[in-house]
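Secondary and tertiary structure notes
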Amino acid sequence: MIIAEIGQAHDGSLGNAHAYIDALADTGVDAVKFQTHIAAAESSKFEPFRVKFSKQDDSRYAYWERMEFTSDQWKGLKYHCDEKGLQFISSPFSNAAVNLLEDLQVQCYKIGSGEVGNFLMLEKIAKTGKPIILSSGMSSFEELDKTIGFLTPFGNQLSVLQCTTAYPTSPEHWGLNVIRQLKERYALPVGFSDHSGDIFACLAAATLGADLFEFHVVFDKRQFGPDSVASISIDQAKYLCEGIRQIEIARANPVIKSENQKYSELKVMFGKSLAVNKDLQKDHVLTADDLESKKPGDKGITAAAYHAVLGKKLKCNIDKWSFLTEEDLYTE
């Protein structure tokens, strides 16, 4: 499953939000993900995170207010996704947001890294019975153990994303090794949530067996927004999806290196047989300096067996560039 996160890249513009859906419909992603923020329910004036990042908003709280859509607007966005054959996903950050998303009849829930310990909200989500995708960016294994242990009795389909909460994430912090560790520890589908700002991390995760992929998208990385620098462009998203799908095919079709019968004709065509590189007389004792290898590979003695002819005498004269055969040599 490939999820393109719009997040707040729409910058509070409903028109932009719909434009992203249209653009992403042609990239090959399976789902688009928003973030459902209800400022009064999730935040307060005491929130210190990125307070001065915006010239437009006096506070982070004001920014969250600007990111809000009405229930009808959210319904329009989900309907648009349905029309385009994309699954609509949105991360809630409050119980009020869960109520709103339930009204939209969302199919699954993505839990942001900062909400993994929000058991109040997690229980509300778990009781819907819908699949839950956990992002592990801020969590230790011990913290994840508690959350997964809390959710498991509810019976929801669970999956976990390896994620590093850094925007952008540099290669030394991708944590690709954690993908296998998560699989072994929880025996759940494991994916990769990327904030690197390029396509390479997800492609690497695909080769390591990640089952889900999530990445932020923007129309242009130079546009305003807290996640722009950690996002990829729409065009990159299409290229990334193609890469992930091809890696998926490759992983499902392992090559058995010992089975090379299909190359039999090619091995003859491109193979090499021994020839002489000068006119040689009868009774000449062959050395490596007398030999050349020429295509095809079925004209007598193979180039791989050249050691066997060194020191052997010729039974006859041989012209330059002629193939060398067993019949040309004295046997001892």
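Keep in mind it's a predicted model, so treat the numbers as computed, not measured. Counting restarts for each chain: residues are numbered from 1 in the order of the written sequence. Local features are withheld for residues below a pLDDT of 70 in this predicted model, meaning they are given only at 70 or higher, and side-chain atom pairs are given and counted only at 80 or more; totals for whole chains, interfaces and linings count all residues. Only hydrogens and water are removed before side-chain values are computed, so all heavy atoms of the structure are retained for them.

1. Structural notes on the overall build of the chain
Helix and strand labels come from DSSP, where a helix needs a run of H or I of at least four residues and a strand needs a run of E of at least two; each type is numbered from the N terminus. When you go through the chain residue by residue, the secondary structure sums to 11 helices and 11 strands. With the radius of gyration taken over C-alpha atoms, the globule rule is written as 2.2 Å times the number of residues to the power 0.38. Taking 20 Å as the expected radius of gyration for a compact globule of 332 residues, we find that the chain reaches 31 Å, considerably beyond that expectation. If one aligns the C-alpha atoms of the chain with their principal axes, the spans along those axes are about 100 × 40 × 35 Å. Classification of the 332 residues of the chain by burial places 43% in the buried group. The contacts of the chain with a sequence gap of at least 6 include a subset with a gap of at least 24, amounting to 66%. Here the chain has roughly 17100 Å² of accessible surface; of this, 52% comes from carbon and sulfur atoms. By the counting rule applied here, Lys and Arg register as positive and Asp and Glu as negative, while His and the ends of each chain are not counted. Where a charge lies is defined by one atom per residue type: Lys uses NZ, Arg uses CZ, Asp uses CG and Glu uses CD. The centroid of the 36 positive side-chain charges in the chain is displaced by 3 Å from the centroid of its 45 negative side-chain charges. For each residue, the accessible area found with a 1.4 Å probe, counting protein chains only, is set against the maximum for its type, and the residue is called buried under 20%, exposed over 50%, and partly exposed in between. Residue contacts follow a heavy-atom distance rule, with two residues in contact if any of their heavy atoms lie within 4.5 Å. Methods summary: accessible areas were calculated by the Shrake-Rupley approach with a probe of 1.4 Å, and residue burial reflects only the protein chains presented.

2. Structural notes on the packing of helix α7 (residues 141-151) against helix α8 (residues 177-186)
To define axes, lines are fitted to C-alpha atoms, for helices over the stretch in contact only, and angles between the resulting N-to-C directions are given on a 0 to 180 degree scale. Two elements in contact, α7 and α8, have axes separated by 12 Å at closest approach and are oriented at 40°. Classified by the angle between their axes, α7 and α8 sit oblique to one another. Handedness of the crossing formed by α7 with α8: right-handed. Across from Phe 141, Leu 144, Asp 145 and Ile 148 in α7, the residues of α8 making contact are Val 178, Gln 181, Leu 182, Arg 185 and Tyr 186. Split by residue class, the contact of α7 with α8 holds six nonpolar, one polar and two charged. Here is the rule for angles: anything less than 35 degrees is roughly parallel, anything more than 145 is roughly antiparallel, 65 through 115 is roughly perpendicular, and the remaining ranges are oblique. Left-handed describes a crossing whose near helix is turned anticlockwise from the far helix through less than a right angle; right-handed describes the clockwise counterpart. The nonpolar class holds Ala, Val, Leu, Ile, Met, Phe, Trp, Tyr, Cys and Pro. Asp, Glu, Lys and Arg form the charged class, and all remaining residues, Gly among them, are polar.

3. Some thoughts on the domain arrangement of the chain
Interfaces are often described in size by the accessible area the parts lose on coming together. Domain delimitation follows an automatic or database domain assignment. Each assigned domain of the chain is listed here: domain 1 (2-252) and domain 2 (261-328). One C-alpha centre belongs to domain 1, the other to domain 2, and the line joining them spans 64 Å.

4. Observations regarding the nonpolar core
Of all hydrophobic cores here, the largest spans 60 residues; its most connected members are Phe 34, Phe 88, Phe 215 and Val 217. Tallying contributions element by element places helix α10 (residues 234-252) first for this core, with six residues. With sequence-adjacent residues up to four places away left out, Phe 88 is seen in contact with Val 32, Phe 34, Trp 74, Leu 77, Lys 78, Cys 81, Leu 101, Leu 104 and Val 106. Within this scheme, the nonpolar core is defined by two criteria: the residues are buried Ala, Val, Leu, Ile, Met, Phe, Trp, Tyr or Cys, and they are joined through side-chain atoms within 4.5 Å. Grouped together as the second largest cluster of nonpolar side chains are 11 residues, Leu 274, Val 276, Leu 280 and Leu 324 included.

5. A look at the environment of Ser 322
Looking at where Ser 322 falls in the secondary structure, it is placed in the segment after β11 (291-294). Look at Ser 322 and you get partly exposed, because its relative accessible area is 25%.

6. Points about the side chain of Ser 91
Here Ser 91 is to be found in strand β3 (residues 87-92). Polar contacts, as counted here, are pairs of nitrogen or oxygen atoms within 3.5 Å of one another; within protein the pair requires one atom able to donate a hydrogen and one able to accept it, and residues that are adjacent in sequence qualify only if both atoms are side-chain atoms. At a separation of 2.7 Å, a polar atom in the side chain of Ser 91 contacts the side chain of Lys 33. Separated by 3.0 Å, the side chain of Ser 91 and the backbone oxygen of Lys 110 make a polar contact. Look past the residues within four positions of Ser 91 in its chain and what remains in contact with it is Lys 33, Phe 34, Gln 35, Thr 36, Lys 110 and Gly 112.

7. What to know about the packing of aromatic side chains
Stacked, edge-to-face and tilted are the three classes for Phe, Tyr and Trp ring pairs, Trp counted by its six-membered ring, which pair at centre distances within 6.5 Å; planes under 30 degrees apart are stacked, over 60 edge-to-face, the rest tilted. Summed over the entire model, instances satisfying the criterion amount to eight aromatic pairs. Summarising the aromatic geometry, the rings of Phe 69 and Trp 74 are spaced 5.3 Å apart at their centres and angled 75° between planes, so their arrangement reads as edge-to-face. Residue Phe 69 is classed as buried on the basis of its relative accessible area of 8%. In this structure an aromatic cluster arises from ring pairing among Phe 34, Phe 69, Trp 74 and Phe 88.

8. Section: helix α6 (residues 119-126)
Structural remark: α-helix, 3.6 residues per turn; residues separated by three or four positions point the same way. Turning to α6, its buried residues number three or more, namely Met 121, Leu 122, Ile 125 and Ala 126. Each buried residue of α6 lies within a common arc of 135° when the element is viewed along its axis, so the set occupies one face. Buried positions along α6 lie against β3, α5 (95-104), β4 (109-111), β5 (132-135) and α7. Directions are taken from the helix axis to each C-beta atom, and the arc is the one they span.

9. Some words on the pattern of salt bridges
Each reported salt bridge corresponds to a side-chain nitrogen of Lys or Arg within 4 Å of a carboxyl oxygen of Asp or Glu. Taken as a whole and judged by the stated rule, the model has 12 salt bridges. Across the salt bridge formed by Asp 30 and Arg 245, the nearest N and O atoms sit 2.9 Å from each other. Remark: Arg 245 occurs in helix α10 and Asp 30 occurs in the loop between α1 (14-24) and β2 (31-36); sequence separation between them is 215 residues.

10. A look at the packing of α6 against α7
Where α6 contacts α7, the axes come no closer than 10 Å and their chain directions differ by 35°. Relative to α7, α6 is oriented so that their crossing is right-handed. Between α6 and α7, the residues in contact are Phe 119, Leu 122, Glu 123 and Ala 126 and Lys 146, Thr 147, Phe 150 and Leu 151, respectively. For the contact of α6 with α7, the residue count by class is five nonpolar, one polar and two charged.

11. Let's talk about the pairing of strand β6 (residues 158-163)
For β6, the tally of buried residues reaches six of six residues, placing the bulk of the element in the interior. Note: β5 against β6, four bridges, orientation parallel. Across the sheet, Leu 134 pairs through a bridge with Val 160, a residue of β6. The definition of a right-handed crossover adopted here requires that, viewed with the strands pointing away, the path from the first strand over the helix to the second runs clockwise. Where the polypeptide runs from β5 across α7 and back to β6, its parallel neighbour, the crossover connection is right-handed. Two strands pair if DSSP finds at least two bridges between them. With four bridges connecting them, β6 and strand β7 (residues 190-194) associate as parallel partners. Following the sheet pairing, Cys 163 is matched in β7 by Ser 193. For the crossover that starts at β6, traverses α8 and ends in the parallel β7, the hand is right-handed.

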